[in-house]
Amino acid sequence: MGDLPPDPEPPPQLTSSRRNSQVSERRRSREHSRPQPTAPEEVQQIPLDAQILRGSQEMVSNQINRGWSQGASLTPNENFIFQAEEAQRGGIEYPSLNTGFPSEVQAQTYLSEGRLQASHNASLILQQLQQDEGNLFQQLESAYQEPRADLLGQYTRYHREDLQFSQDTQHGPYLRDDPALQFSPSELGFMPFSMEVTEPEPRELAVQNAKAYLLQTSVDCNLSLYEHLVNLLTKILNQRPEDPLFLLESLNRTTQWEWFHPKLDTLRDDPEMQTTYEMAERQKALFGQSGGSEGEQEMEEEAAGTAVPNIMEKAFYLEQAGVGLSSDESFRIFMALKQLVGQQPIHTCRFWGKILGLSRSYLVAEVEFREDEEEVEEMMEGGEVMEAHGEEESDEGDEGEEKATDVIPKPTWKPPPVIPKEESRNGANKYLYFVCNEPGQPWVRLPHVTPIQIVQARKIKKFFTGFLDTPVISYPPFPGNEANYLRAQIARISAATHISPLGFYQFSEEEGDEEEEGGARHDSYEENPDFEGIPVLELVDSMANWVHHTQHILPQGRCTWVNPLQKTEEEELGEEEEKADEGIDEAGQEVGPPLLTPLSEDAEIMHMSPWTARLSCSLSPQYSVAVVRSNLWPGAYAYASGKKFENIYIGWGHKYSPENFNPSLPAPVQQEYPSGPEIVEMSDPTVEEEQALAAAEEEEEEEEEEEEEEDEGQDD
Amino acid sequence: MDEESLLLSLELASGSGQGLSPDRRASLLTSLMLVKRDYRFDRVLFWGRILGLVADYYIAQGLSEDQLAPRKTLYRWRRGPGWLRPQGDTEEPGASEGQEGLGATLNCMEWSLLPPATEEMEMQTSVVKGRFMGDPSHAYEHTELQKVNEGEKVFEEEVVVQIKEETRLVSIIDQIDKAVAVIPRGALFKTPFGPIRVNRTFEGLSLSEAKKLSSYFHFREPVELKNKTLLEKADLDPSLDFMDSLEHDIPKGSWSIQMERGNTLVVLRSLLWPGLTFYHAPRTKNYGYIYVGTGEKNIDLPFML
C-alpha cells in the first residue's frame, strides 16, 4: 500500500499529460501528434528539486501558451520576453511571479520584500534565461513572424526548447495538469472541464496565485494588469522600436490611453473635427467654381480673367524676396479673389495683403469697380450720417423752444466742423476694399474712410481682433468700429508704402497744370507704356528710383485739402469776417508731397532711413529681384523685377515708432458759462433766510384760516 | 523649428508673412546639417531672423540631450552691398561645454557662436533702443552720467559707453527665449534621473486642447511652478507638467491664438515680441516656433489690447 501514494503521481501525470494533449487536440485540431509523445519523456527526466521551479516556470508558461494560443499567438513570446525583461531589471521584480503566498499577495511589496527563496529561484532562472536567451529569442522571433500560419511549428519549437532544457539541466517532472486553464478568458471559448488536480508544487502554486492576481480586474475597469501587459508587449513587438526599454514608460501610457479610447465608431464623425471639415467643404467650393461649363461662360471668364491678377506669379516673386504666404495659401487666395470678381462688378482687383488679428486675421483685396457702377450703398451710408446730424440739431432746437420761461443758455462750444469725406474714387477712397478672414469665406466690403477716422486712427494704437463689428475702445474715442479702424489703417498704409519703380507711372497730360502752385498737383496717373524697367542693382542702390504712386494723406485726413469753414453756409459772415477767414485759409492750407515723389525725399525716422532695399539673392544677382522693405510700417514690402512690380503688406497694421506710445491727454476742462448780466449764478439762500420765509408763510396760512372761520361764522 | 523638418515648418509658419527665400532655405539646410555635425548637437533649431537696417541676422540654436540645458546660439549674417570688409576675424569657436566664444565671419555659410547671456549684458543693453543695424561690430554709443571720484571731489561726468551690437544680439535672443519660446504640453518629458527628453510618442494635441493656452509651456526653466498651490500641483503630471504654462503670462492677453489653414493649424503669436510665431498642427507631431522681427519688445502692449 505504500506504493500506492507514489504511484499515483507518475500515472496521473501521464494521464493528465495525455488529457492535456487531448485538450490541446481539441483546441487545435491542427496539432500533430508528434509533440505529444515527447512530452511524457521530458516529464520523467525532470528531477524534483529546486530546479523544478525553472521547469514549472517553463511549463506553466507553455501551458499558458497553449491556453492562450488561439487568442493571441504572441503570448508565448510575450511570456518569455516578459520574464526576460523582468530578469533584465535586475531580478528585483522577479519575486512577483514566485511569491506564492496567497494571503499575502500585495501589489506594492514585490520590490521591497526580500524572500530568499524567491530570489534564489529568480537568480537561477535568470541564469538559465540568460544562457538560453539567444536561442530563445531567435526562435521566438521566427515563431513570431509567422504567428497565425504556423501555430503548429511554434509549439513544435517550444517542445524542442523543452527538450533542450531537459537535456541540459535535468528538470523535474513537469506537471501536466493545467490549472492555468481555469483562468482562461471566456472569450476564447474554452470549455472548462474538470480534471484531476494533483497537489501542486508550492512554487507552482505561487506562480498560479501570481497569475491570478495579475488577472484580477478592479471595479473601475474591465482591464486587468495581465491583459494590459499583453497589449503592451504586443504593441512593442508590432512596432519594434529601437531601444524599447527606454520607451517603455511612454508606450505604457499610450497603451493605456488607447484602451480607453477605442476607435470603434466609423459612422459618427469626430465632433472635434467638425469645424475643420466645414472649412474644408467651404474651400472645396472655391475650387468647384473653376470647373464651369464651356461656351458662353468662357467669354465671361475671359473678361473676368483680366480683372483677377496673377497672384501666383506675384507670390513667386515675393517668395524670392522671403515674404508672403505659402504657395497653397496663395492659390486659395487666388481662387477666392476669382470668386469675388464673379460676384461683384469689378474692374481691377489686387491682393492688398494680410492684417493679423488676435482671434482671426484679415485678407484684404483692393478693388476698383467698373466706372458705370455706382455704389448705392455708399449713398445710403452717407445719408444716414447726415440725418443723424440733422436730428441732433433739431433736438437742440426743440429743447430751446419748450423752455421759454427759463432759457438754458446755449453752450458756446461748437463741435469742430465735420470735414467731408472724399468722394469715391478720389484720394483716400480711390479704391474699395473687401476683407475676409479665410479664403472661402464671403467677402465683406469695408466702408469708405472719413477724414476724422484717419485723424483719430493716427492717435490710437490698437490690435485688431478679427471681428469687424468689435467696438474700438480708446481715447480719443474712435468714431466707428473695427471695420472703420481697419479701413483707416489700410488707407494710411497704402498712402505711405505703395511704391513703384520710377517711370512706371506717369502723369496723364493735361493742360494748364504747370501753372498751379506747388508744382504738379496731379491726382491721377496712368501707366507708362514706354517703361523699360530699371536694372535691379540700380533699384537697390538708390531710393530715388522708386516713387510713391498713392497720394499722401494730409494732417486733415484727406488727400486734397478742404477748407472746413467754407462749408458752413448757414452762418452769416460779414465781409470782414470773410476776409479774415480767407486769411486763415491760406495759412491753414495743408500741403503734402505731390504724387510720384521719389522715396529719397521721405522723412527719416531718428536718423534711420525709412526704407531698406535688398537684393533677393546675392548669389545670383542677375536673376534676383529688388526688394524694398519699409521701416516705418513693418510688414510692407515691394518688389520689382524688370517690368513687374508689386506691393504687399503682411503685418499687424501698426506704424513703427521708436518712442513709446503716449496716449493723448484728455481735453482740458471746459469753461463754465461766463457770468454776465444775462446769466447770474444765484447764491443759495442761507438758513436764516429760509427760516424767515417759512415763518412768513405760516403767518399767511394762519391769516387765511382765520378769514375762513370768520366767513363761516358769518354765514351761520 | 527643427532643422530636420525645416521645409515643412517654414510652410506652416508662413502665415505670419515672413519666411525664407528658396536660396536661403537651401543654404540653411546644408549649413545647419554641418553645424550639427561640427558641434555635436543633438538637435539644431533654426531660431529665426532678426531684421536689421542693413543686413539680417540668421540665428540657430543647438541643443544637447537634455532639452532644457542652456542652449548654444549661433548666428550668421551677410554684409549688405557697399560695406567694407571688417577686419579682425575668425576666432576659434569655444570648444568647452557651457562656454561659448565669439567669432565673426563673412562667408554666408558659416556660423559663429555667441557668448552666453549674462545679467550684465542685459543691463547694458537695456538702454539701447531702436533697430538693429545689421553689423555685429557696430557700436552703439550711449552717454551716461557717471560719478567720478577725483581726490575729494565727486562730480558727474558724461561718459560715453560703447555697446557692441553682438552684446545686444545675445541679450535680445536670450530675452526672447525666456519670454516667449513655446513648446506644447507632452512634447518633452522628464525622466526620473533628471534630464528632459523629447517624447517620441507625442502624437500632438487634440483640437480642443490646442485652443487652450494652458496646453503650451514656456521652453525654459520653470519660474512659477513652485508658486502653485498644492491643490494645483496635485493635478499635474510630474513627468509632463514641469514647465510654466502660458496661461498666467502677464499681461494677460499677450498671446494671440488662432486657427489657420481651414482649422488645421494652430498658430500662437506673441504680442509682446511681435514676430514670434508658434505653429502646431493638432494631432500630428509638427510644431515649432520661429522669430522673424526687428528684435524690439512691444512696450505699448497694454495700450493696444
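Residues numbered from 1 in each chain as written. Chains lettered and ligands numbered in written order. Predicted model: local features only at pLDDT ≥ 70, side-chain atom pairs only at ≥ 80, totals over all residues. Heavy atoms only, no water.

Looking at an unreviewed UniProt entry, one finds chain B named Radial spoke head protein 9 homolog, with Neophocaena asiaeorientalis asiaeorientalis as its source organism.

As annotated in an unreviewed UniProt entry, chain A carries the name Radial spoke head protein 6 homolog A and comes from Neophocaena asiaeorientalis asiaeorientalis. In its Subcellular location (unreviewed entry) section, UniProt records this for chain A: "Cytoplasm, Cytoskeleton, Cilium axoneme". (UniProt positions renumbered as here; feature names shortened; annotations may be inferred.)

**Student:** In this structure, what is going on with the pairing of strand β3 (residues 72–77) of chain B? I would like to understand it.
**Tutor:** One face of the sheet, then the other: side chains in a regular strand alternate in exactly this way. All names here are of chain B. Burial analysis of β3 places 6 of its 6 residues in the buried class, the great majority of the element. Burial of the side chains of β3 extends over both faces: Lys72, Leu74 and Arg76 are buried on one face and Thr73, Tyr75 and Trp77 on the other. Inspection of the sheet shows strand β2 (residues 56–63) paired to β3 by 6 bridges, in the antiparallel sense. For Tyr58, the partnering residue across the bridge sits in β3 and is Arg76. (Buried < 20%, exposed > 50% of the residue type's maximum accessible area, 1.4 Å probe, protein only. Helix = DSSP H or I, 4+ residues; strand = E, 2+ residues; numbered from the N terminus. Pairing = 2+ DSSP bridges.)

**Student:** Help me out: how do you make sense of the packing of aromatic side chains in this one?
**Tutor:** Ring pairs (aromatic) are described by centroid distance and by the angle formed between their planes. Counted by the stated rule, this structure contains 21 aromatic pairs over all chains. Here Phe504(A) and Phe645(A) contribute two aromatic rings whose centre-to-centre distance is 4.7 Å and whose plane-to-plane angle is 75°, an arrangement assigned as edge-to-face. Residue Phe504(A) is found in the loop between β5 (499–501) and β6 (505–507), and its partner Phe645(A) is found in strand β12 (residues 644–651); the two are separated by 141 residues along the sequence. Here Tyr216(B) and Phe278(B) contribute two aromatic rings whose centre-to-centre distance is 5.5 Å and whose plane-to-plane angle is 75°, an arrangement assigned as edge-to-face. With Tyr216(B) in strand β10 (residues 216–218) and Phe278(B) in strand β13 (residues 276–280), this residue pair connects regions lying 62 residues apart in the sequence. (Phe/Tyr/Trp six-rings, centres within 6.5 Å; stacked < 30°, edge-to-face > 60°.)

**Student:** Got a minute to help me understand the nonpolar core in this structure?
**Tutor:** A general feature of soluble globular proteins is that nonpolar side chains tend to end up buried together. Ranked by internal contacts, the top residues of the largest apolar core, which has 58 residues, are Leu337(A) and Phe46(B). Of the residues forming this core, the biggest block, 7 residues, is contributed by helix α14 (residues 327–343) of chain A. What Phe46(B) contacts, discounting residues up to four positions off in sequence, is Met1(B), Leu6(B), Leu20(B), Leu28(B), Leu32(B), Tyr58(B), Ile59(B), Ala60(B), Tyr289(B) and Ile290(B). Judged by nonpolar contacts, the second largest core, of 57 residues, contains Leu188(B), Ala210(B), Leu268(B) and Trp273(B). (Core = buried A, V, L, I, M, F, W, Y, C linked by side-chain atoms within 4.5 Å. Contact = heavy atoms within 4.5 Å.)

**Student:** Teacher, can you tell me more about the interface of chain B and chain A here?
**Tutor:** Taken residue by residue, the interface counts 52 residues in chain B and 52 residues in chain A. Counting the surface lost from both chain B and chain A, the interface buries some 4,300 Å², and carbon and sulfur atoms represent 48% of this. When residues of chain B are sorted by the area they lose upon contact with chain A, Arg261(B), Phe303(B) and Met304(B) head the list and together hold 14% of the total. Counting across the chain B and chain A interface gives 6 salt bridges. Between Arg629(A) and Asp56(B) there is a salt bridge, and its shortest N-O distance comes to 3.7 Å. On inspection of chain B and its partner chain A, the count reaches 22 residue pairs in polar contact (both at pLDDT 80 or more). Secondary-structure elements contributing two or more residues to the side of chain B that touches chain A are α2 (22–39), α5 (207–210), β11 (255–260) and α7 (301–304) of chain B. No other element matches β11(B), which puts 5 residues into the side of chain B that touches chain A. Here the side of chain B that touches chain A is built from residues that sort into 16 nonpolar, 20 polar and 16 charged. (Buried area = accessible area lost by both parts, 1.4 Å probe. Salt bridge = Lys/Arg side-chain N within 4 Å of Asp/Glu carboxyl O. Polar contact = N/O pair within 3.5 Å; in protein donor to acceptor, adjacent residues only side chain to side chain. Nonpolar A, V, L, I, M, F, W, Y, C, P; charged D, E, K, R; others polar.)

**Student:** Explain the sheet that holds strand β10 (residues 626–630) of chain A here, please?
**Tutor:** Backbone-to-backbone hydrogen bonds join strands into a sheet, with any given pair of strands oriented parallel or antiparallel. All names here are of chain A. The 8 strands lie next to each other as β4-β3-β2-β1-β12-β11-β10-β9, forming an open sheet whose pairing is mixed. Each having just a single partner strand, β4 (444–445) and β9 (611–615) make up the two edges of the open sheet. One ladder, built from 3 bridges, connects strand β1 (residues 346–355) with β12; its direction is parallel. Within β12, the position partnered with Lys354 by the bridge is Ile650. Its contacts with the sheet place α14 against β1, β2 (362–369) and β3 (432–436), and it is angled at close to 140° to β1. (Axes fitted to C-alpha atoms, helices over the stretch in contact; angles between N-to-C directions.)

**Student:** I tried to follow the environment of Gly186(B) on my own but got confused; where do I start?
**Tutor:** Residue and element names in this part refer to chain B. Tracing the sequence through the fold places Gly186 in the loop between β7 (182–184) and β8 (188–190). On the basis of relative accessible area, Gly186 is assigned to the buried category, the value being 7%. Spatially, the C-alpha atom of Gly186 lies 8.9 Å from that of Val198, the residues being 12 residues apart in sequence. Look past the residues within four positions of Gly186 in its chain and what remains in contact with it is Asn199, Phe202 and Leu240.

**Student:** Explain the packing of helix α13 (residues 311–321) of chain A against α14(A) here, please?
**Tutor:** Any two packed helices are characterised by the angle at which their axes cross and by the distance between the axes. Residues and elements named next belong to chain A. With their axes 9 Å apart at the nearest point, α13 and α14 run at an angle of 150° to one another. Considering their axes alone, α13 and α14 lie roughly antiparallel with respect to each other. Between α13 and α14 lies a crossing whose hand is right-handed. Contacts between α13 and α14 involve Ile311, Met312 and Ala315 from the first element and Ser327, Ser330, Phe331, Phe334 and Leu337 from the second. Here the contact of α13 with α14 is built from residues that sort into 6 nonpolar, 2 polar and no charged. (Parallel < 35°, antiparallel > 145°, perpendicular 65-115°, else oblique. Left-handed = near helix turned anticlockwise from the far one by under 90°.)

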